4 protein chains.
Amino acid sequence: MESIINVLIEEPELQSPILIEGLPGVGNVGKLAADHLLEQLGGVKFAEIFSRHFPPQVVLDEDGVVSLVNNELYYVRNVGRGVDVIFLIGDHQGLTPEGQFDLARNIVDMAKDMGVSRIYTLGGYGIGKMVEEVRVLGAVTHLSMKEDLQSHGVLFSPGEPGAGIVGASGLIVGLAQNAGIEAACLMGETSGYFVDPKGAEALCRVLASILGVEIDFSDLEAKAQQIDVIASKIKEMEGSQSGGREDLGYIG
Amino acid sequence: MESIINVLIEEPELQSPILIEGLPGVGNVGKLAADHLLEQLGGVKFAEIFSRHFPPQVVLDEDGVVSLVNNELYYVRNVGRGVDVIFLIGDHQGLTPEGQFDLARNIVDMAKDMGVSRIYTLGGYGIGKMVEEVRVLGAVTHLSMKEDLQSHGVLFSPGEPGAGIVGASGLIVGLAQNAGIEAACLMGETSGYFVDPKGAEALCRVLASILGVEIDFSDLEAKAQQIDVIASKIKEMEGSQSGGREDLGYIG
Amino acid sequence: MESIINVLIEEPELQSPILIEGLPGVGNVGKLAADHLLEQLGGVKFAEIFSRHFPPQVVLDEDGVVSLVNNELYYVRNVGRGVDVIFLIGDHQGLTPEGQFDLARNIVDMAKDMGVSRIYTLGGYGIGKMVEEVRVLGAVTHLSMKEDLQSHGVLFSPGEPGAGIVGASGLIVGLAQNAGIEAACLMGETSGYFVDPKGAEALCRVLASILGVEIDFSDLEAKAQQIDVIASKIKEMEGSQSGGREDLGYIG
Amino acid sequence: MESIINVLIEEPELQSPILIEGLPGVGNVGKLAADHLLEQLGGVKFAEIFSRHFPPQVVLDEDGVVSLVNNELYYVRNVGRGVDVIFLIGDHQGLTPEGQFDLARNIVDMAKDMGVSRIYTLGGYGIGKMVEEVRVLGAVTHLSMKEDLQSHGVLFSPGEPGAGIVGASGLIVGLAQNAGIEAACLMGETSGYFVDPKGAEALCRVLASILGVEIDFSDLEAKAQQIDVIASKIKEMEGSQSGGREDLGYIG
């Protein structure tokens, strides 16, 4: 029995498409960003990926109809300046390191088969404290990609993230490099304490610039403001606990 | 070496059979129900499933004769309104998520080969408190199945179970959906604290209605009454500990 | 890459040989017994079994020469009443349930290929208290084997061991049953607290009777007496701690 | 999908090369030694090994360019007395026992294909206390190798290391023995508390003698002196804490 089952709903003809991956991770930043962008652009689901490496589980919709835990592929044609885009989204990564590796290989194999010209994997960069001004950090498979990404607001900061990139976002970029596909991991800064729409918004702005599309951020901004409110309240509580000290640097 | 070994004792010719799965799980509700129904209907064992994914163990009968841990398939012909029924029973699920997935795929592959027309997987829905009136909740692969199940007393409650369905009962339904087989998971409500014959009885009543058979519930009812006695005693103890307070809602 | 590597040093022609398994387990009773019997009978190593399922390790002899962790097969021709015997010994079982299953299947496959007529797996039956009179309990693949084993001193006690038989000794017997090979698991009673030569001696006496051979037990008896001394000292200590109480039943 | 991917950059023709392995382990002694020797001799990378058994991760260089976690093979021609040398280096061993076994088999298979005449695996021998005079202990696949190694300063000490050799250094030697390749594990003594350049230097001196090359140790010596300083400070602290006691044997 194979460990991964790709169910193709449709085999779309796409022109050197871009693949954007957004699966759960630190602050769920990558997943939020990919889901938001896909919703804004409107995509067509063309494949489902099932695997023994996902949690052994079905989820239920409001009607009580089941879906086996999976990852899904969508396509959108002719985005912004005319590029075709594929989205890889889902509620789970592989449960084990071995499973994550196999799932990433499966995606890169599919990308190669579909003539994908570039991959963007999305993730969060957890810094363990509240973030005022969200940076979007980058990592690339080829040095030649940096200048273009910098022009869209991506920061390359030597030594960040120091621990490398773990999980699907890292593996897909690494395996794409081996397969000769240009790929970049874009990481929205986040405290890592909350599901973080602010980090996701920053990621989406970079992607909108890359793709040349207008994106409505009102949804993410509303959620981001809620996070700001929560953060302020935490600051107040910390402030009153420490007798009104000025120095709140460690959470700001 | 294959990871699952299907040993066929017999290859019965069955007419679009229904498959009923009842393996251990929350409150053992699904297993108790399937075992009781099979005992009442009288079945013939036709296959044993062995696997590296089960506990590495033999069990002994009273004579000291061993049996390797397994799952078993039984058939019963011409049940109630004339349907052939297959039972999947056993004392264990797979030990790992990967093993559970492979075992569920193996069953759905067998079901497809045998022309199974519908699958019912049985489970418990643990609510973490004593249950007075046991509901039987449902989840389906196809929306079109709901009305019929509701007519037999199955409840579809949006958002329940919120965490989806984990393990064999979920996976078999999910993989059946992918394979184009109609399937439903029926879940008997249970506290989840005990092995729960009350939840099993409720499940059996729904299945008896679906199959159009008369079932003797005296066994399960006797066991269920014992549980009621235990529950009453717990209430009393809780009552005396809290100085006779009226509010026992959290266990009732 | 296959997960198990059988390295054959020799392919001996054997007449319907008996296979005796003795790997580490409860009180190391089975391993001690098989090692002692093999040493007494004098065997020839004819195969080594290596696997990714064993600890990832080499051991060193006194000269600093390494051996990769393995299981080994020895043969002895024309034992006692004229039977050929194969021994499966080693310092490790598989690290995981899946590994144990695969290793047991590999042995049963080899046994089938070599025309093995009967398998005895040896183990300890841990009862959690000191044992005065060591019983040897049995479990069999075929009811017809019991009478003969009882005549050699094997006890069949309904409900013992209640938890079944876990690991290599259980799996080999269970898989032999599926493969149509007669097999019995013989379990020497042991506290389970110590490596237990007393349980091993009891096992060896049964096997000597089955094979019709004279065995020198002085080695095992010397070790067993040491255990008796240790047990007596523990009794004394317990006695003085509890103010000289008579009731020492829980360790005797 | 295969579990290990060997990416060949080049297929060098080498004359009965020696393979030297230095992966992370106790005190990182083996890795430090192999890295230092490779740096001194100057090698050419000719293969990368990727696997689902490594951590699921990419690392970043100072430019933000990713590399998938891997092991790497380098070659150096005509070293010292004229031997070709292959180095196996990397930042990770396999995550699981099964993965370690498969990775070691893959290396020994490659070694066999390339006509490797001898393998040296490098490791640390952790003794749990500070080491004054670092010994280099050896373990071999063939007794005939000992005399030569002793002439280069390798010590064979019966019963050391008592627990055998775990991980890549052990498995590669053990599997080489099975494949008929002469192999030795060289272990530099280390406290095991720190990354230990002193143990690495001792290993390098032995290897320099074996290969007949001059090695500059200034780097390792500088690092080793830092460790000595740290060790002295710990001694002082321990001394003052214990009221200036003379007996510091347990850390010296």
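Residue indices begin from 1 for each chain and proceed along its sequence in written order. Written order determines the labels here, with chains lettered from A and ligands numbered from 1. The predicted origin of the model limits local features to residues at a pLDDT of at least 70 and limits the giving and counting of side-chain atom pairs to 80 or more, whereas totals for whole chains, interfaces and linings rest on all residues.

Bringing the overall build of chain A into the picture now. Secondary structure elements follow DSSP: runs of H or I of four or more residues count as helices, runs of E of two or more count as strands, with numbering from the N terminus. When you go through chain A residue by residue, the secondary structure sums to 6 helices and 11 strands. Over its C-alpha atoms, taken along the principal directions, chain A stretches across nearly 60 × 50 × 35 Å. Burial is judged by counting the other C-beta atoms within 10 Å of a residue's own C-beta: 20 or more makes it buried, 12 or fewer makes it exposed, and any count in between marks it as partly exposed, with every C-beta position built from the backbone. Per-residue burial for chain A yields a buried fraction of 50% across its 252 residues. Pairs at least 24 residues apart make up 73% of the contacts formed inside chain A by residues separated by at least 6 positions. A residue pair is marked as a contact if its C-beta atoms, positioned from the backbone, fall within 7 Å.

Taken together, the 18 residues of chain B in the interface contact 25 residues of chain C. Pairing between two strands is assigned when DSSP locates at least 2 bridges connecting them. Pairing between strand β4 (residues 57-60) of chain B and strand β10 (residues 165-166) of chain C: 2 bridges, direction antiparallel. Directly across from B:V58, in β10(C), lies its bridge partner C:I165.

Each copy superposes on the other: chain B lies on chain C with an RMSD of 0.0 Å after a rotation of 90° and an axial shift of 0.0 Å. The superposition operator between the copies reduces to a four-fold rotation axis. In superposing the copies, a least-squares fit is computed on C-alpha atoms, taking residues whose pLDDT is at least 70 in both.

In this assembly, 18 residues from chain A lie in contact with 25 residues from chain B. With 4 residues, strand β4 (residues 57-60) of chain A is the single largest residue contributor to the side of chain A that touches chain B.

Residues and elements named next belong to chain D. Interaxial angles span 0 to 180 degrees and are taken between N-to-C directions of axes, which are lines fitted to C-alpha atoms, for helices over the stretch in contact. Running from N to C, helix α2 (residues 97-113) and helix α4 (residues 168-179) point in directions that differ by 45°, and their axes come no closer than 9 Å. One way to sum up the angle between α2 and α4 is to call them oblique. Crossing handedness for the pair α2 and α4: right-handed. When α2 is examined against α4, the residues Q100, F101, L103, A104, R105, I107, V108 and K112 are found in contact with a partner set consisting of A168, L171, I172, L175, A176 and A179. Ten residues, namely Ala, Val, Leu, Ile, Met, Phe, Trp, Tyr, Cys and Pro, are considered nonpolar, four, namely Asp, Glu, Lys and Arg, are considered charged, and the remaining ones, Gly among them, are considered polar. Within the contact of α2 with α4, the residues separate by chemical class into 11 nonpolar, 1 polar and 2 charged. Reported orientations rely on four angle classes, namely roughly parallel under 35 degrees, roughly antiparallel over 145, roughly perpendicular from 65 to 115, and oblique for the rest. Helix crossings fall into two classes, left-handed where the near helix is turned counterclockwise from the far one by less than a right angle and right-handed where it is turned clockwise.

What follows concerns the sheet that holds strand β2 (residues 18-22) of chain A. All names here are of chain A. The strand order across the open sheet built from 8 strands is β1-β3-β6-β7-β2-β8-β11-β9, with neighbouring strands paired in mixed fashion. Each having just a single partner strand, β1 (4-8) and β9 (136-140) make up the two edges of the open sheet. This sheet shows a mean twist of 20° between the axes of neighbouring strands, independent of strand direction. As paired strands, strand β6 (residues 71-79) and strand β7 (residues 83-90) are joined by 7 bridges and run antiparallel to one another. Across the sheet, the residue bridging to E72 is I89, located in β7. Across the sheet, helix α1 (residues 29-41) touches β2, β6, β7, β8 (118-126) and β11 (182-190), and the angle it forms with β2 is around 130°.

Time to look at unusual backbone geometry. The omega angle of the peptide bond from A:E160 to A:P161 is -15°, so this bond is cis rather than trans. Positioned with a positive phi, C:S16 is a non-glycine residue whose angle comes to about 35°. Mapped onto the elements, C:S16 comes out in the loop between β1 (4-8) and β2 (18-22). A count of 11 C-beta atoms within 10 Å places C:S16 in the exposed class.

Residue and element names in this part refer to chain B. Spatially, 8 strands are ordered β1-β3-β6-β7-β2-β8-β11-β9 in an open sheet, and the strand pairing comes out mixed. For this open sheet the edge positions go to β1 (4-8) and β9 (136-140), each flanked by a neighbour on one side alone. Across this sheet, the average inter-strand angle for adjacent strands is 20°, counted without regard to direction. Note that strand β2 (residues 18-22) and strand β8 (residues 118-126) share 4 bridges and pair parallel.

So, on to the environment of D:G192. Residue and element names in this part refer to chain D. Here G192 lies in the loop between β11 (182-190) and α5 (197-211). When the 18 C-beta atoms within 10 Å are taken as the criterion, G192 is described as partly exposed. Once the C-alpha coordinates of G192 and I9 are considered, the two residues, 183 residues apart in sequence, prove to be 36 Å apart. Ignoring sequence-local partners within four residues, the contact set of G192 consists of V26, G27, G124, G126 and G128.

The subject of this paragraph is the arrangement of the chains. Kept free of each other, chain A and chain C leave a smallest C-alpha distance of 16 Å between them. Between chain B and chain D there is no contact; the minimum C-alpha to C-alpha separation amounts to 16 Å.

This paragraph deals with the pairing of strand β3 (residues 44-51) of chain C. All names here are of chain C. Note: β1 against β3, 5 bridges, orientation antiparallel. Directly across from I5, in β3, lies its bridge partner F50. One ladder, built from 5 bridges, connects β3 with strand β6 (residues 71-79); its direction is antiparallel. Bridge pairing links A47 to L73 in β6.

With respect to burial, β9(B) is a largely interior element, 5 of its 5 residues being buried. Along β9(B), one buried face is formed by B:V136, B:G138 and B:V140 and the opposite face, lined by B:L137 and B:A139, is buried too.

Further remarks concern helix α1 (residues 29-41) of chain C. All names here are of chain C. Here the expected span of a helix is defined as 1.5 Å times the quantity of residues minus one. Across its 13 residues, α1 extends 18 Å between first and last C-alpha, which sits within 8% of the 18 Å expected from 1.5 Å per residue. Turning to α1, its buried residues are V29, G30, K31, L32, A33, A34, H36, L37 and L38. Directly after α1, the chain includes G42, whose backbone phi takes a positive value near 70°.

All names here are of chain A. Per-chain confidence: chain A averages 92 in pLDDT, with 94% of residues scoring 70 or above. A score between 0 and 100, pLDDT records how confident the predictor is in each residue. Low pLDDT, under 50, characterises residues 243-252; the stretch is placed with 14 contacts to residues that sit more than four places away or in other chains. Both scores are available for the predicted complex, with the pTM at 0.91 and the ipTM at 0.90.

Attention shifts here to the environment of D:E201. Residue and element names in this part refer to chain D. Turning to its location among the elements, E201 is positioned in helix α5. C-alpha of E201 to C-alpha of K223: the two residues are 22 residues apart in sequence and 9.9 Å apart in space. Those residues in contact with E201, other than ones at most four positions away along the chain, are F217, L220, E221 and A224.

Looking now at helix α5 (residues 197-211) of chain C. All names here are of chain C. Compared with an ideal rise of 1.5 Å per residue, which puts 15 residues at 21 Å, α5 spans 20 Å between its outermost C-alpha atoms and is within 8% of the ideal. Counting buried positions along α5 yields 12 of 15 residues, so the element is predominantly enclosed. When we look at burial in α5, the residues that qualify are P197, K198, G199, A200, E201, A202, L203, C204, V206, L207, I210 and L211. Phi turns positive, to about 70°, at G212, one or two residues after α5.

With that out of the way, let us pick up the environment of D:F101. Residue and element names in this part refer to chain D. Along the polypeptide, F101 turns up in helix α2. Here F101 falls in the buried class, since 28 other C-beta atoms lie within 10 Å of it. Between the C-alpha atoms of F101 and G167, which are 66 residues apart in sequence, the distance is 8.1 Å.

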